[in-house]
Amino acid sequence: MLRVALVGCGVIAPQHITAFAKQQERASLVAFCDLDREKAEHARLLYEQRLGRASQSRIFTSYNEVLEEDTIDAVDLCLPHHLHAEYAIAAARAGKHILCEKPLANTLEDCDRMIAAAKEANVVLFHGENMRLDPVVNRAAEIVREGRIGTITGLQQTYAHWQPEAMNRGWRARPEEAGGGQLMDAAIHHVDILRHIGGEIVQVQAMTTQHRPELGPQSEDTGVLNFRFQRGHLGQLFAGHATRNRGGSPLLTVFGTEGSLTLEAFWPRRGLVWFPANNEPQVLIENHHWQESFDAEVAHFLDVLLEGVPLRATPEEGRRNVQIILAAYESARTGQLVEV
Ligand SMILES: NC(=O)c1ccc[n+]([C@@H]2O[C@H](COP(=O)([O-])OP(=O)(O)OC[C@H]3O[C@@H](n4cnc5c(N)ncnc54)[C@H](O)[C@@H]3O)[C@@H](O)[C@H]2O)c1
């Protein structure tokens with residue numbers, strides 16, 4: 001039984017709590033830590049509701065006290081971006097395994113320090129990019145690998161979301177803490193999807209703009225990113241936090257010489273559609289839900305720690321996503337195409 005502390009009980013905590021409750025045979029959330037005690041208590045209550053029973057879980061308002069506990073094996077860091085590096089490194093030094101929400105960190109130097117600290121302490125540093133484990137995204141990657149759409153000739157991705165203003169009242173509105181604006185916070189998921197399905201990205205060209213200063217006066221809320229992939233094909237991402245009523249579902253089409261794939265990860269009835277060259281389109285996955293990506297993430301974290309399964313959500317992948325986003329910021333600033 002893996003004993004885990006959930007650290008940071010804000011917006012994304014319920015998805016992690018739900019996923020851990022489904023794994024109650026293998027893992028237990030033994031601690032909830034937040035600077036705001038009420039949030040930690042609320043998270044514990046939600047966990048108990050999901051378990052359908054009371055728990056012995058403890059409440060902490062100090063992370064250092066969590067790290068001093070011998071009864072905790074791992075931390076699940078659901079914290080503002082600027083804390084990821086410092087908190088993950090401290091966990092590694094305390095001998096705890098780490099699940100760290102995306103982005104891995106705000107700078108490549110911090111990513112490197114985290115990776116080195118985990119290696120040195122011989123603990124697992126799991127990059128908490130839920131899209132990497134998402135069943136629809138993985139099935140799409142598999143179909144591409146099997147050659148069922150031939151050779152990729154391009155990828156086009158839309159992330160169109162109306163970010164709730166309440167989410168951006170604190171650290172998210174401050175680029176020095178969030179590591180940027182919408183690109184570092186949200187588009188980074190879609191960079192991970194594009195790389196997972198399309199292969200490595202080697203050139204980035206980007207433009208950004210702002211429609212909603214209330215989300216962060218110095219932050220972009222919309223970006224268009226063009227990519228050249230290692231295998232020669234091109235890809236494009238439109239990512240917006242100022243797009244009303246389309247939903248946050250990643251909508252991706254992968255075009256190939258023998259067919260195409262359309263992936264609408266979180267919409268019922270058309271999660272994944274395959275358009276073969278000489279046949280009718282086939283719906284391969286339907287009735288998919290966002291929570292499934294977190295369920296798969298937590299299940300894989302436990303498979304890695306308890307069953308010795310090789311880690312698929314590696315911190316090196318997380319670092320590469322950060323590198324692509326930093327390249328996009330550089331391109332938007334300079335107007336130049338950036339090699340990565
Ligand atoms: N995978 C996804 O789809 C997804 C979605 C949303 C957020 N996220 C990620 O989750 C992480 C957290 O985002 P969020 O939206 O939940 O943020 P949030 O601001 O809602 O929650 C962060 C929590 O951390 C607490 N906190 C801050 N400093 C702390 C400290 N020093 N010690 C203990 N607790 C502290 C805050 O009180 C708050 O409750 C980020 O990395 C974000 O990018 C991922």
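Everything numeric here is computed off the predicted structure, so don't read it as measured data. (Residues numbered from 1 in each chain as written. Predicted model: local features only at pLDDT ≥ 70, side-chain atom pairs only at ≥ 80, totals over all residues. Heavy atoms only, no water.)

Asks: I tried to follow the packing of helix H7 (residues 135-145) against helix H9 (residues 182-198) on my own but got confused; where do I start?
Replies: Between two packed helices, the angle of one axis relative to the other and the distance separating the axes together describe the packing. At a minimum axis distance of 8 Å, the contact between H7 and H9 shows a crossing angle of 30°. As summarised for this structure, H7 and H9 are arranged roughly parallel, according to the angle between their axes. Contacts between H7 and H9 involve Val137, Asn138, Ala140, Ala141 and Val144 on the former and, on the latter, Ile193, His196 and Ile197. Here the residues of the contact of H7 with H9 sort into six nonpolar, two polar and no charged. (Axes fitted to C-alpha atoms, helices over the stretch in contact; angles between N-to-C directions. Helix = DSSP H or I, 4+ residues; strand = E, 2+ residues; numbered from the N terminus. Parallel < 35°, antiparallel > 145°, perpendicular 65-115°, else oblique. Contact = heavy atoms within 4.5 Å. Nonpolar A, V, L, I, M, F, W, Y, C, P; charged D, E, K, R; others polar.)

Asks: Got a minute to help me understand the sheet that holds strand E12 (residues 259-264) in this structure?
Replies: Note on sheets: strands pair through backbone hydrogen bonds, and any given pair is parallel or antiparallel. Strand order across the open sheet formed by nine strands is E14-E13-E12-E11-E7-E10-E9-E8-E15, with mixed pairing between neighbours. The two strands at the open ends of the sheet, each matched to only one other strand, are strand E14 (282-285) and strand E15 (338-339). Across three bridges, the pairing between strand E13 (residues 272-276) and E14 is antiparallel. Across the sheet, Val273 pairs through a bridge with Val283, a residue of E14. The strands touched by H9 are strand E7 (152-160), strand E8 (201-209), strand E9 (222-229), strand E10 (234-240), strand E11 (251-256) and E12; relative to E7, the strand with the most contacts, the crossing angle is about 155°. Running over the sheet, helix H11 (residues 315-334) touches E8, E9 and E15 and is turned about 50° from E8. (Pairing = 2+ DSSP bridges.)

Asks: Mind showing me how you'd approach the pattern of salt bridges here?
Replies: Side chains that differ in charge, positive against negative, can pair when their charged atoms come close. Per the counting criterion, the structure on display carries 19 salt bridges. Residue Arg148 pairs with Glu146 through a salt bridge whose shortest N-O separation is 3.0 Å. Residue Arg148 is classed as partly exposed on the basis of its relative accessible area, which comes to 30%. Two residues, Asp185 and Arg172, come together in a salt bridge whose shortest N-O distance is 2.7 Å. Pair noted here: Asp185 is in helix H9 and Arg172 is in the loop between E7 and helix H8 (175-178), with a separation of 13 residues, a long-range link. Each member of the pair Asp185 and Arg172 is classed as buried. (Salt bridge = Lys/Arg side-chain N within 4 Å of Asp/Glu carboxyl O. Buried < 20%, exposed > 50% of the residue type's maximum accessible area, 1.4 Å probe, protein only.)

Asks: How should the nonpolar core be read in this particular structure?
Replies: If you look at soluble globular proteins, the nonpolar side chains tend to sit buried side by side. Val75, Ile98, Ile197 and Phe227 are the most contacted members of the largest nonpolar core, which has 75 residues in total. It is H9 that contributes the most residues to this core, nine residues altogether. Residues in contact with Ile197, not counting those within four places in the same chain, are Val137, Ala140, Ala141, Val144, Ile152, Leu155, Leu252, Val254 and Leu263. By size, the runner-up hydrophobic cluster in this structure holds 30 residues, among which are Val4, Leu99, Phe294 and Val304. (Core = buried A, V, L, I, M, F, W, Y, C linked by side-chain atoms within 4.5 Å.)

Asks: Mind showing me how you'd approach the domain arrangement of the protein here?
Replies: Accessible area lost when the parts come together is the quantity often used to give the size of an interface. Partitioning the protein into structural domains gives domain 1 (2-129 + 294-314) and domain 2 (132-289 + 321-339). In this structure, domain 1 and domain 2 have C-alpha centres spaced 26 Å apart. Taken together, both faces of the contact between domain 1 and domain 2 bury some 1,600 Å²; the carbon and sulfur share is 64%. Applying the counting criterion to the domain 1 and domain 2 interface returns one salt bridge. One salt bridge in this structure joins Asp185 and Lys102, with 3.4 Å as the shortest N-O distance. Remark: the boundary between domain 1 and domain 2 carries seven residue pairs in polar contact (both at pLDDT 80 or more). Secondary-structure elements contributing two or more residues to the side of domain 1 that touches domain 2 are helix H5 (108-121), strand E6 (125-128) and helix H10 (291-307). The element best represented in the side of domain 1 that touches domain 2 is H10, accounting for three residues. Residue composition of the side of domain 1 that touches domain 2, by class: 10 nonpolar, six polar and four charged. (Domains from an automatic or database assignment. Buried area = accessible area lost by both parts, 1.4 Å probe. Polar contact = N/O pair within 3.5 Å; in protein donor to acceptor, adjacent residues only side chain to side chain.)

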